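Structural overview
Below, each chain spelled out in residue letters.
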Amino acid sequence: VLLIYSIISYRLYLNFMNIKISFKNQGFKKSPENLILFVDEKFSTSSLKKHISNSEHSFILDLLKIKDTKQKIITFDINSKRKIILVSFKKNLPISDAENLGAKCYEIFKKNKKTEYGINTNTLPFKSKNIIGHFLHGIKLKSYKFEKYKTIKDDKNINIVVYGQNIPSSKERIKFNAIEEGTFYTRDLVSEPGNILHPDEYAKRINSLKKFGLKINIYDQKKLKKMGMNTLLGVGQGSIRGSYLVTMEWKGLKNNSKPLAFVGKGVCFDTGGISLKPAKFMEDMTYDMAGSAVVVGLMKSLALRKAKINAVGVVGLVENMPGGNAQRPGDIVRSYSGKTIEILNTDAEGRLVLADALTYCEEQYKPKFIVDLATLTGAIIVSLGSEYAGLFSNDDTLSKQLSDVGKKVDEKVWRMPLNKNFDKLINSKNADMQNINYVGGAGSTTAAQFLQRFILKKTPWAHLDIAGMAFSKYGGALNSGGATGYGVRLLNKLIEDYYE
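What you are looking at is a predicted structure, and each value in this text was computed from that prediction instead of being measured. (Residues numbered from 1 in each chain as written. Predicted model: local features only at pLDDT ≥ 70, side-chain atom pairs only at ≥ 80, totals over all residues. Heavy atoms only, no water.)

Focus on the packing of aromatic side chains
On inspection of all chains with the given rule, the structure shows 13 aromatic pairs. Considering the side-chain rings of Y336 and Y360, the 5.9 Å spacing of their centres and the 65° angle between planes classify their relative orientation as edge-to-face. Note that Y336 is positioned in the loop between β12 (332–334) and β13 (340–342) and Y360 in helix α10 (residues 350–365), a separation of 24 residues in sequence. Assigned by exposure class, Y336 and Y360 land together as buried. Among the aromatic side chains, those forming a connected cluster through ring pairs are F38, F89 and F135. Directly above the aromatic system of F76 lies the positively charged group of K67, at a separation of 5.7 Å from the ring centroid. Lying across the ring of Y388, K412 places its NZ or CZ 5.3 Å from the centre. (Phe/Tyr/Trp six-rings, centres within 6.5 Å; stacked < 30°, edge-to-face > 60°. Helix = DSSP H or I, 4+ residues; strand = E, 2+ residues; numbered from the N terminus. Buried < 20%, exposed > 50% of the residue type's maximum accessible area, 1.4 Å probe, protein only. Lys NZ or Arg CZ within 6 Å of the ring centre and 35° of its normal.)

Some points on the nonpolar core
Of all hydrophobic cores here, the largest spans 54 residues; its most connected members are Y202, F262 and I466. Tallying contributions element by element places helix α9 (residues 290–304) first for this core, with nine residues. Setting aside anything within four residues of it in sequence, one finds I466 in contact with A290, G291, V294, L373, A374, T375, A389 and Y486. Grouped together as the second largest cluster of nonpolar side chains are 37 residues, L224, L354, A355 and F454 included. (Core = buried A, V, L, I, M, F, W, Y, C linked by side-chain atoms within 4.5 Å. Contact = heavy atoms within 4.5 Å.)

In short, the description is geometric, and any link to function would need to be established separately.
Right, dumping it as structure tokens:
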């Protein structure tokens, strides 16, 4: 629809939170009061002369002598009504840098009382494929806010008109729009409180994505019990809410080629169960379903942009609560794979949800690869903080691909070890394995080693522990704090660069 509309009209409007962006191929008869112009890394201004008045050019030249050009973005208040923002783009600028510059511009918009801006793309100092698209992408990603439950909302609307010969094509706009929609949907899901987004409600929301062309299957407790998904069901049995496995299929190819598979942990709230967590910061456990939210947001993005691949998303949705029917430390359960697990700690629940989901995904869909995502261990935060997700994999090619695209979109991963020698730390005397390593150490690795046991047919597999990346109290380059949506752009880029 957007593509058709852009052909009929030369303007295309995109709405993101409090941002409205429109595109014009032609310039303005009168220059906008607030204007964004681009210069090279040396802040050469000679190319700007035909876009601003001589007096404004002279004014900027004088001020540049005392301005810190290392800042990459410099604002000039020409008068009380007129502001010019210079953005420095160096040649071969990485796309993540362009996006970060866009995000910094949004911060300027927020502080400024003005709400109308023009972006002159004719001032680009060099030819670059779609650098403006990534610049706008950064603006929009940074604009996200979750104010659903606030009675007083920030109602400031920012209108941006992008004009000139270097505007993104209609096709590129649709792609960026799809990625942003998916990322924001992930952020919305992670931001919801546990009393609202419990497994029953979550399954309904995923089901609503059918309207975008996804095939959705929801397996409830009755079906899961019949299927033998006892490890997933065991986690949720202490809650009054249901437990579910939900599959989302996108068929973007006419052939029956093997799909790309993505699996997510969806623990809507994690008290720790009988192995109860400390009260401090337990409120943050609303985001223990972030891995599943990434899968859902990614699948929505793929459908919106009509990705030319076959893909499947599988998420396990549970709530880990203490109660009279809750799973106990010492219980032994039989997984969907047939392997038995001794539950030594009910707070190591995410791996139990993923165990059944991984085996089912591999057996049912026979995918080209599987990538699973989970806020799985606090140990990964100790190791990598909030800069990298932990990557564990049985496949060097898939690992390198994830690492390379992570650098491009600034959603970085760091590969951690897997080794058969870690197996002895999760072997059980009473069952095939135990769900934690009681010896101590290597918490993230033994969790990943546990998951690897449920990849039965040597399918290329990668596990991303995103515990340090899914949520940020302080905000990052492309988010303002809270849910980050980490993983949607990473996996979309993986698909775009290597599989489409």
